[in-house]
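# Residue-level structural notes
For reference, the chains in residue letters:
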Amino acid sequence: MTGYMHSGYAESQSEFGAPMELPRCGGWVLKRKIAASNSFDAMGCYPLFCCKDWAQLSLDLEDLNKNATANLVSLSLVADPFGVYDETYLRHCFKDVVIPFKEHFIVDLQRPLNGIVSAHHRYYARKALNNLIPEECSQPIQFADEWASLYANLIDRHSLDGIKAFSRNAFTVQLAIPGTVVLRVIHQGITVGAHIWYVQGDVAYSHLAALSETGYTLMASYALYLYALKYFADKVRWLDLGAGAGSSNDGGDGLSQFKRGWSNGTRTAYFCGRIFNHKIYEEHVKAKSISSTDYFPAYRKGEF
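Residues numbered from 1 in each chain as written. Predicted model: local features only at pLDDT ≥ 70, side-chain atom pairs only at ≥ 80, totals over all residues. Heavy atoms only, no water.

## Notes on the packing of aromatic side chains
Using the following cut-off: What counts as a ring pair is set by centres within 6.5 Å for rings of Phe, Tyr and Trp (its six-membered ring), and what kind of pair is set by the plane angle: stacked under 30 degrees, edge-to-face over 60, tilted for all other angles. For helices the rule is a DSSP run of H or I covering at least 4 residues; for strands it is a run of E covering at least 2, with both sets numbered from the N terminus onward. Think of it in three bands: with a 1.4 Å probe and only protein chains considered, a residue is buried below 20% of the maximum accessible area for its type, exposed above 50%, and partly exposed in between.
Per the stated rule, a full pass over the model turns up 27 aromatic pairs. On the numbers, 5.7 Å between centres and 20° between planes, the contact of Tyr225 with Trp262 is stacked. Remark: Trp262 occurs in the loop between α9 (254-260) and β11 (265-275) and Tyr225 occurs in helix α8 (residues 220-232); sequence separation between them is 37 residues. As far as the burial class goes, Tyr225 and Trp262 line up, both buried. On the numbers, 5.8 Å between centres and 20° between planes, the contact of Tyr281 with Phe296 is stacked. Here the residue Tyr281 occupies a position in helix α10 (residues 278-287), and Phe296 occupies one in the segment after α10, the gap between them amounting to 15 residues.

And the structure:
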């Protein structure tokens, strides 16, 4: 197992829930206590739920549904857009909620580079590379301190908190996971930007990218993405660049426009939810005085 499928990735988010394996499919979720109760629910790891055998996921969920000792009220997750399933199968697995959540920008690396990257992005990447040296970090775990500093700048810029902020300990675990690739750009001997990728089979997933203030000035993100496309060209078939910012999914935000310029397609990431104990679920909703909402699980509305 590599990347998001590795047990270490779930362990890296253990401050938000106890890692729990779905043994048939080989995926991991986080079991969480529901406040002021003896009940628990579970959520997929952020940002994606990935597993080895999607055909077995339905059996894992049926096991949870029948297993009173698991004591789970509900489960929610965002399904890997490269998972081996269709929407009908997801609806079979998740009886209560299956909705298109976000469109992930993807790259089919069998296409020529000039047929993928927009002229605008190629221009600014060349300009950025006049001042930057790109390279792969041969030992990602040794990059932990530099990465934590870069990511702290991202946290400050975008006021990230909760599970999106990631702790220093989480990064220490994540950088040691098999399949981790760290690409960085250097200016005058100093790392000014870096991009963490997870390789799973024939797909490389963009996990996180961060820049220093100098990196923003030098447009290091353009250099990082162009270098990534060239680096992975003979290593995997697909790149998953992730989605845009926010929850609107209208593609109009700046991050969507940036990623669109590097991609040649999209795939849908579905948000999925299932209630295992309807009686307890409704009791928690009632206790929180939750009115009609599309949020799932409703009793956790506002948590993120």
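## Here we look at helix α4 (residues 119-129)
We apply this condition: Each C-beta atom gives one direction from the helix axis, and the arc is the one those directions make. Any two residues having at least one pair of non-hydrogen atoms within 4.5 Å are treated as being in contact.
Of the positions making up α4, those classed as buried are His121, Ala125 and Ala128. End-on view of α4: buried residues confined to an arc of 65°, all on one side of the axis. Close packing links the buried residues of α4 with α8 and α9.

## Considerations on the pairing of strand β4 (residues 72-78)
For clarity, the cut-off: For two strands to be treated as a pair, DSSP must find at least two bridges joining them.
Across the seven residues of β4, seven count as buried, placing the element largely inside the fold. Summarising the sheet, strand β3 (residues 40-44) and β4 pair through three bridges and their orientation is parallel. Among the inter-strand pairings, Ala42 is bridged to a residue of β4, identified as Leu75. As paired elements, β4 and β11 share five bridges and run antiparallel to each other. Within β11, the position partnered with Ser76 by the bridge is Gly273.

## Points about the sheet that holds strand β10 (residues 238-240)
Strands in a sheet are paired, the pairing made by backbone hydrogen bonds, and the direction either parallel or antiparallel. Spelled out, the test is: Between N-to-C directions, angles span 0 to 180 degrees; the directions come from axes that are lines fitted to C-alpha atoms, helices contributing only their stretch in contact.
As summarised here, the arrangement of the 11 strands in space is β1-β2-β3-β4-β11-β5-β10-β9-β8-β7-β6, forming an open sheet in which the pairing is mixed. Looking along the sheet, the strands with just one partner apiece sit at the ends: β1 (18-22) and β6 (133-136). Neighbour to neighbour, the strand axes of the sheet diverge by 30° on average, direction disregarded. Both strand β9 (residues 203-211) and β10 contribute to a ladder of three bridges, which runs parallel. For Val203, the partnering residue across the bridge sits in β10 and is Trp238.

## Thoughts on the environment of Ser291
Summarising the element assignment, Ser291 is placed in the segment after α10. The spatial distance from the C-alpha of Ser291 to the C-alpha of His195 is 41 Å, given a sequence separation of 96 residues.

## Some points on the environment of Tyr222
Counting through the fold element by element, Tyr222 comes out in helix α8. Of the residues examined, Tyr222 reaches a relative accessible area of 14% and is grouped as buried. For the pair Tyr222 and Val98, spaced 124 residues apart in sequence, the C-alpha to C-alpha distance is 35 Å. Contact partners of Tyr222, with chain neighbours within four places excluded, come to His120, His121, Tyr124, Ala125, Phe258 and Trp262.

## Structural notes on empty space enclosed by the protein
One simple way to see leftover space: roll a probe sized like a water molecule over the atoms. Put simply, the test is: Buriedness for pockets is judged along seven lines, at least five of which must meet protein on both sides within 12 Å for an open set on the 1 Å grid over protein atoms alone, while cavities are sets there where a 1.4 Å probe fits but cannot get out, and lining residues have an atom within 4 Å of a point. Grid points are joined across faces, edges and corners, and a volume is the space filled by probe spheres set on the points. Note that Gly is not counted as nonpolar here; it falls among the polar residues with everything else outside the nonpolar set of Ala, Val, Leu, Ile, Met, Phe, Trp, Tyr, Cys and Pro and the charged set of Asp, Glu, Lys and Arg.
Under the criterion given, the structure shown has one cavity of 30 Å³ or more. In this structure, the largest cavity spans a volume of roughly 40 Å³. Its residues placed into classes, the lining of the largest cavity shows eight nonpolar, one polar and no charged.

## Some points on the nonpolar core
The condition is simple: Each nonpolar core is a collection of buried residues, namely Ala, Val, Leu, Ile, Met, Phe, Trp, Tyr and Cys, held together in the definition by side-chain atoms within 4.5 Å.
One finds Tyr4, Tyr9, Phe143, Trp147, Tyr151, Phe166 and Tyr281 to be the most contacted residues of the largest nonpolar core, which totals 46 residues. Of all the elements, helix α5 (residues 144-158) adds the most residues to this core, at five residues. In terms of nonpolar packing, the next biggest core, distinct from the first, is built from 24 residues, Cys25, Leu64, Leu90 and Val98 among them.

## Side note on the pattern of salt bridges
Rules: By salt bridge we mean one thing: a side-chain nitrogen of Lys or Arg within 4 Å of a carboxyl oxygen of Asp or Glu.
One pass over the full model with this rule turns up 14 salt bridges. Among the ionic pairs, Asp63 bridges to Arg24, the shortest N-O distance being 2.8 Å. One end of the pair, Asp63, is in helix α2 (residues 57-66); the other, Arg24, is in the loop between β1 and β2 (27-33), and 39 residues separate them in sequence. The residue Arg184 makes a salt bridge to Glu135 at a minimum N-O spacing of 2.6 Å. Of the two residues, Arg184 sits in strand β7 (residues 180-187) while Glu135 sits in strand β6, which places them 49 residues apart along the sequence.

## Comments concerning α2
Turning to α2, its buried residues are Leu57, Ser58, Asp60, Leu61 and Leu64. Down the axis of α2, the smallest arc covering the buried residues is 160°, so these residues share one side. The elements touched by buried residues of α2 are β1, β4, α3 (87-93) and β11.

From the geometry alone we can't say anything about function, so treat these as descriptive.
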